[in-house]
Amino acid sequence: MLDLFAIITKGGIVLWKTSDSAACQKCLQVLFYEAFLSERKNMETTFHQDRFTIQFQESIQNGIVFAVAFQDAKAEAFTQSLLNSMHNIFINLYQEQLKNKDFPSEDDIIRNFVPLYNAKLSQLSKVSDKENLTSNEVNRQEKNKALPRQQPRQKMHTSKQAPSTSKKGKKELRRWDDQLTNEEEEALNYSGNVSNEVPSSSQLSNVVGDTNFQKTKKGEVVIGDLETDPNQNSATTSSSAFSFFSGLIGGKYLKEEDLDPVLKKVQEHIVQKNVANSISLELCKSVKKSLIGKKVSSFESVKQTVNDAFRETLTQILTPSTSLDLLHSIRAVQKNEDRPYTISLIGVNGVGKSTTLAKLAYWLLSNNFRILVAACDTFRSGAIEQLGVHVKNLQSLKGSSIELFAQGYGKDSSFVVKNAVDYAKKNSFDVILIDTAGRRHNDQRLMGSLEKFTKATKLDKIFQVAEALVGTDSLAQAKHFQASLYHRPLDGFIISKVDTVGKMVGVMVGMVYSVRVPIVFVGVGQMYSDLRTLSVDWVVDQLIK
Amino acid sequence: MLENWSAIVIALATIPLAALIIFSLFFVSKKTIQRKAPAIFLVGPSESGKTTLFCQLVYEKGVSTVPSIEPNEALWKEDIVLVDLPGHARTKHWTEKKLNESYDVRQIVFVLNSATLDRDLHEVGLALFDLLLKCRKHKISKVLVACNKFDLFTAQPAKQIETAVKKELNNIFEEKESQLDSIVTQDVDWDELRPQLEDIQLEFLSGSALKGTNMNQWIEWMESSL
């Protein structure tokens with residue numbers, strides 16, 4: 001029933017697995033990618049690959065992952081308890097070795113662990129087989145009960161039909177009070193067929209389940225303990241006299257009560273830095289999950305550990321997983337395909353799209369590209385003239401390899417962009433920078449026209465411009481813009497007006513976390529040179545300090 | 001009276017002094033445990049075979065692996081610590097962390113997949129570039145580029161890889177010069193940085209970590225530089 005059971009270290013070494021097939025190896029790879037390395041910091045423990053379902057459990061203290069993969073849906077019933085018990089058994093068997101960060105060899109595992117695993121597996125599969133059999137029998141019993149039920153229903157139908165047939169004769173008086181006729185009462189009586197037969201043993205076992213009773217020496221029957229959660233720390237609680245020392249000094253395992261007050265403080269701190277409340281709660285949850293049961297090294301307080309964990313989480317969130325080398329992509333397109341590179345800027349009203357476009361143009365001109373600025377903001381009065389002023393400035397600064405392409409106001413922007421691409425191709429421009437109209441992200445009509453715009457021509461990069469001053473609306477903005485581009489993801493965020501917010505740069509975290517799109521550039525002023533790339537360390541510093 | 005006073009003062013003084021001595025001993029003993037151990041780091045892009053190489057060197061057998069999330073550390077040849085760093089982009093923070101820890105990094109081995117180099121050349125170049133920056137920071141003067149998986153059909157020979165990678169590094173240098181500054185100006189002067197980075201020696205040697213072939217070349221290089 002179970003296709004694969006594997007024990008893997010977090011360092012990537014497979015300690016033992018039950019199957020060597022390529023499909024199972026693929027399952028393990030998918031598991032590690034999705035659970036630990038993917039863009040989404042997943043809280044779930046179930047993944048799918050082809051027809052396999054993959055579940056896992058972590059031992060955070062020891063850095064080991066236990067994984068199962070199965071195709072058979074029936075196996076799902078016992079995989080969780082199998083994972084739990086195998087986890088416990090493994091930790092107990094190799095406690096000493098694991099404390100020294102030493103992993104048991106494969107022969108050792110085959111000798112000691114595998115017989116226990118086989119025993120537990122057969123026990124659990126027998127139980128689930130029995131359950132399947134009893135559930136089949138119960139189904140049959142239910143079917144038997146269903147038949148006598150149908151007869152009173154039919155009676156009810158006939159009683160309803162009765163007045164209609166007698167309409168031809170005399171009209172039966174309609175009764176408007178709440179009393180039922182005898183016929184209706186009988187029809188509604190479902191308590192028929194009360195048999196006095198003794199319930200069979202299979203039915204009983206359905207109700208009783210796995211007994212957890214243990215017998216004491218005197219022969220009394222006591223209820224067994226709850227199966228302990230393997231990730232719960234096994235540290236003994238110190239006496240109250242020295243507990244505040246241990247709070248300072250560390251060298252113990254972290255418990256929830258230790259983490260909660262510290263996490264709350266850090267959460268409030270980052271909310272003050274303009275991180276959205278929902279995002280801060282999610283961050284706290286994931287940091288808590290990764291810290292529970294972890295050993296704090298001595299001379300380090302709980303606060304320090306939590307701060308470090310937060311730093312790590314924020315760094316992981318903000319670090320893009322692919323390199324955003326714009327120059328390299330432009331040169332690659334230039335070399336391999338004979339067409340101009342299109343970059344489009346979208347965003348809500350007033351965030352700084354036209355200004356950012358001018359900054360990008362200034363930078364690309366410094367790299368000797370020929371730029372065409374396409375004015376696809378055909379709505380706002382003065383948009384084209386604004387771009388015209390920028391283009392004139394850049395021409396006097398950097399020479400004439402920049403031009404403005406505009407077709408007036410009121411036109412459809414997808415139409416304008418198509419013409420712009422044709423014009424650029426004809427006149428061998430390297431890059432087209434496309435300015436769009438600002439639009440409220442909750443205006444369906446405008447978001448729809450944005451969708452049409454992005455489908456009109458092949459856009460190499462679509463960047464959303466957002467200002468650092470915005471509050472929780474940033475999340476909704478990011479989500480709605482991402483959703484309207486469902487056929488291709490957003491390529492990046494450009495956060496503008498960062499010089500106005502000082503330390504309160506939390507909006508960056510919220511936007512990246514909610515839609516998993518990296519931040520490409522950061523705008524720090526209104527002049528052409530005020531464009532920077534993101535330094536993750538700097539942002540994390542601003543947030544944590 | 002005076003002798004009593006001085007005796008009392010001396011007695012009072014010895015208590016904090018004794019405490020200071022005990023505390024500093026404790027601290028020093030902690031420090032000596034954390035004395036810098038000589039180490040060799042295995043770095044490189046994802047799926048290049050670092051963890052497999054690590055297991056071959058430390059346990060002397062091939063194991064099946066999955067993408068690493070955390071580093072592997074073990075003692076090799078009695079007194080050197082071998083550190084296998086995960087290669088995925090999301091695990092980059094481990095590299096900085098381990099480099100700043102109490103290791104005396106003697107050498108770095110950059111492992112790459114010879115069979116998929118055509119497809120991943122730019123990524124490999126960027127990873128090698130990042131590594132060179134770190135080498136300069138930690139004063140490491142040569143790097144072994146282990147061209148792994150050379151038993152596979154599409155693997156390129158070491159010489160070919162060397163020319164391709166060096167050319168890509170050049171391109172990256174040119175591009176970095178024309179990039180924007182980061183929001184934190186890092187006082188990086190590319191003109192003087194580039195020759196320093198180019199000075200770092202790169203030795204390209206082929207081998208297969210899984211099959212164990214040609215590994216003695218790599219081991220020789222590692223031992224020779226110690």
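Residues numbered from 1 in each chain as written. Chains lettered and ligands numbered in written order. Predicted model: local features only at pLDDT ≥ 70, side-chain atom pairs only at ≥ 80, totals over all residues. Heavy atoms only, no water.

The name given to chain B in an unreviewed UniProt entry is Signal recognition particle receptor subunit beta, with the source organism recorded as Schizosaccharomyces octosporus. In its Sequence similarities (unreviewed entry) section, the UniProt record describing chain B reads: "Belongs to the SRP receptor beta subunit family." (UniProt positions renumbered as here; feature names shortened; annotations may be inferred.)

Per an unreviewed UniProt entry, chain A carries the name Signal recognition particle receptor subunit alpha homolog and comes from Schizosaccharomyces octosporus. Word for word, the UniProt comment on chain A under Subunit (unreviewed entry) is "Heterodimer of an alpha and a beta chain." For chain A, the Sequence similarities (unreviewed entry) comment in UniProt is given as "Belongs to the GTP-binding SRP family."

K.L.:
A description of the overall build of chain B should follow, citing residues and the corresponding values.
P.N.:
Looking only at helices and strands, chain B features seven helices and six strands. Order of helices (α) and strands (β) in chain B, N terminus to C terminus: α-β-α-β-β-α-β-α-β-α-α-β-α. Partitioning the intrachain contacts of chain B with sequence separation of at least 6 by distance along the chain shows that 74% fall at a separation of at least 24. Total accessible area on chain B is roughly 12,400 Å²; 56% of this is exposed by carbon and sulfur atoms. (Helix = DSSP H or I, 4+ residues; strand = E, 2+ residues; numbered from the N terminus. Contact = heavy atoms within 4.5 Å. Areas by Shrake-Rupley, 256 points an atom, 1.4 Å probe, with all protein chains shown as cover.)

K.L.:
Explain the overall build of chain A to me, and be specific about the residues and the numbers.
P.N.:
In terms of regular secondary structure, chain A is built from 18 helices and 15 strands. The 545 residues of chain A split such that 45% are buried. Counting every atom, chain A has about 29,500 Å² of accessible surface; 51% of that belongs to carbon and sulfur. (Buried < 20%, exposed > 50% of the residue type's maximum accessible area, 1.4 Å probe, protein only.)

K.L.:
Tell me about the packing of aromatic side chains, and name the residues and values.
P.N.:
Tallied over the entire structure, the rule returns ten aromatic pairs over all chains. Relative to Phe 173 of chain B, the ring of Phe 129 of chain B has its centre 5.6 Å away and its plane inclined at 75°; by these criteria the two rings are edge-to-face. Taken together, the residues span a long stretch of sequence, with Phe 129 of chain B in helix α4 (residues 117-137) and Phe 173 of chain B in helix α5 (residues 158-177) at a distance of 44 residues. The residues Phe 129 of chain B and Phe 173 of chain B share a single accessibility class, namely buried. Every member of this aromatic cluster is reached through a ring pair, and the members are Phe 5, Trp 16 and Tyr 117 of chain A. One Lys or Arg, Arg 370 of chain A, reaches over the ring of Phe 429 of chain A and ends 4.5 Å from the middle of that ring. It is Arg 516 of chain A that lies over the ring of Tyr 513 of chain A; its NZ or CZ is 4.6 Å from the centre. (Phe/Tyr/Trp six-rings, centres within 6.5 Å; stacked < 30°, edge-to-face > 60°. Lys NZ or Arg CZ within 6 Å of the ring centre and 35° of its normal.)

K.L.:
Provide a residue-level description of the sheet that holds strand β3 (residues 80-84) of chain B, including the pertinent values.
P.N.:
All names here are of chain B. Overall, mixed pairing links the six strands, which are arranged β2-β3-β1-β4-β5-β6 in an open sheet. With one partner strand each, in any of the chains shown, β2 (72-76) and β6 (201-206) form the two edges of the open sheet. Taken over all neighbouring pairs, the strand axes of this sheet differ in orientation by 25° on average, direction set aside. One ladder, built from five bridges, connects β2 with β3; its direction is antiparallel. Looking at β3, one finds that Asn 72 is bridged to Asp 84. Against the sheet, helix α2 (residues 50-59) touches β1 (37-43), β2, β3 and β4 (103-113), its axis set at about 25° to β2. Set on the sheet, α5 makes contact with β4, β5 (142-148) and β6; between it and β6 the angle comes to about 145°. (Pairing = 2+ DSSP bridges. Axes fitted to C-alpha atoms, helices over the stretch in contact; angles between N-to-C directions.)

K.L.:
Please set out the interface of chain B and chain A residue by residue, giving values where relevant.
P.N.:
The interface of chain B with chain A comprises 35 residues on the first partner and 42 residues on the second. Between chain B and chain A lies a buried interface of about 3,600 Å² when both sides are counted; carbon and sulfur atoms form 58% of it. For the interface between chain B and chain A, the tally reads one salt bridge. Glu 70 of chain B serves as the salt-bridge partner of Lys 10 of chain A, at 4.0 Å between the closest nitrogen and oxygen. Across the chain B-chain A interface, the total number found is nine residue pairs in polar contact (both at pLDDT 80 or more). Those elements giving two or more residues to the side of chain B that touches chain A turn out to be α1 (2-33), α2, α3 (92-100), α4 and α5 of chain B. Per-element tally for the side of chain B that touches chain A: the top contributor is α2 of chain B, with three residues. Class assignment for the residues of the side of chain B that touches chain A results in twelve nonpolar, 13 polar and ten charged. (Buried area = accessible area lost by both parts, 1.4 Å probe. Salt bridge = Lys/Arg side-chain N within 4 Å of Asp/Glu carboxyl O. Polar contact = N/O pair within 3.5 Å; in protein donor to acceptor, adjacent residues only side chain to side chain. Nonpolar A, V, L, I, M, F, W, Y, C, P; charged D, E, K, R; others polar.)

K.L.:
For the side chain of Gln 25 of chain A, give the residues involved together with the corresponding values.
P.N.:
With respect to the helices, strands and loops of the structure, Gln 25 of chain A is situated in helix α1 (residues 22-37). Among the polar contacts made by the side chain of Gln 25 of chain A, one reaches the main-chain carbonyl oxygen of Thr 65 of chain B at a distance of 2.9 Å. The residues touching Gln 25 of chain A, leaving out its near neighbours within four places in the chain, are Lys 17 of chain A together with Ser 64, Thr 65 and Val 66 of chain B.

K.L.:
Can you break down the nonpolar core residue by residue, with the values?
P.N.:
One finds Phe 310, Ile 495 and Met 508 of chain A to be the most contacted residues of the largest nonpolar core, which totals 103 residues. Residue assignment places this core across two domains, with domain 2 (252-318) and domain 3 (326-544) of chain A each supplying three or more. Residues within four places of Ile 495 of chain A in sequence aside, it is in contact with Ala 466, Glu 467, Ala 468, Val 507, Met 508, Met 511, Ile 519, Phe 521, Val 522 and Gly 523 of chain A. Core analysis: the next-biggest nonpolar cluster, separate from the first, contains 36 residues, Val 81, Leu 112, Val 145 and Phe 204 of chain B among them. (Core = buried A, V, L, I, M, F, W, Y, C linked by side-chain atoms within 4.5 Å. Domains from an automatic or database assignment.)

K.L.:
So, the confidence of the model for chain A: which residues are in play, and what are the values?
P.N.:
All names here are of chain A. When pLDDT is averaged across chain A, the result is 76; 76% of the residues are at 70 or more. Contacts for the low-pLDDT stretch residues 149-168, under 50 throughout, to residues beyond four places or in other chains number nine contacts. Taken together, the stretch residues 207-212 has pLDDT below 50 and engages in four contacts with residues farther than four places along the chain or on a different chain. (pLDDT = per-residue confidence, 0-100.)

K.L.:
Account for unusual backbone geometry, naming residues and giving values.
P.N.:
Residue and element names in this part refer to chain A. The phi angle at Asn 368 is positive, at roughly 60°, despite the residue not being glycine. Tracing the backbone shows Asn 368 in the loop between α12 (353-366) and β9 (371-376). Even without being a glycine, Arg 516 presents a positive backbone phi close to 55°. Relative to the assigned elements, Arg 516 resides in the loop between α17 (507-515) and β14 (519-523). In this structure Arg 516 comes out as buried when scored by relative accessible area, which is 17%.

K.L.:
If you had to explain the packing of helix α8 (residues 256-272) of chain A against helix α10 (residues 302-318) of chain A to someone new, which residues and values would you point to?
P.N.:
Residues and elements named next belong to chain A. Close contact between α8 and α10 brings their axes to 10 Å; oriented N to C, the two are set at 50°. Relative to α10, the element α8 lies oblique. Where α8 crosses over α10, the handedness of that crossing is right-handed. Across from Asp 258, Leu 259, Val 262, Leu 263, Val 266 and Ile 270 in α8, the residues of α10 making contact are Val 302, Lys 303, Val 306, Asn 307 and Phe 310. Taken together, the residues of the contact of α8 with α10 sort by class into eight nonpolar, one polar and two charged. (Parallel < 35°, antiparallel > 145°, perpendicular 65-115°, else oblique. Left-handed = near helix turned anticlockwise from the far one by under 90°.)

K.L.:
Break down the environment of Asp 325 of chain A for me, citing the residues and quoting the values.
P.N.:
Residue and element names in this part refer to chain A. Mapped onto the secondary structure, Asp 325 falls in the loop between α10 and α11 (326-336). Using a relative accessible area of 9% as the deciding quantity, one classes Asp 325 as buried. Expressed as a C-alpha distance, the spacing of Asp 325 and Val 520, which sit 195 residues apart in the sequence, is 9.3 Å.

K.L.:
Mind laying out the side chain of Asp 377 of chain A, listing which residues take part and the relevant values?
P.N.:
Residue and element names in this part refer to chain A. Inspection of the secondary structure puts Asp 377 in the loop between β9 and α13 (383-398). Arg 380 provides the closest opposite charge to the buried, salt-bridge-free Asp 377, at an N-O distance of 4.5 Å. From its side chain, Asp 377 meets the backbone nitrogen of Phe 379 in a polar contact 3.2 Å long. Excluding residues within four positions of it along the chain, Asp 377 makes contact with Ala 383, Ile 384, Tyr 409, Asp 435, Thr 436 and Ala 437. (Lys, Arg positive; Asp, Glu negative; His and termini not counted.)

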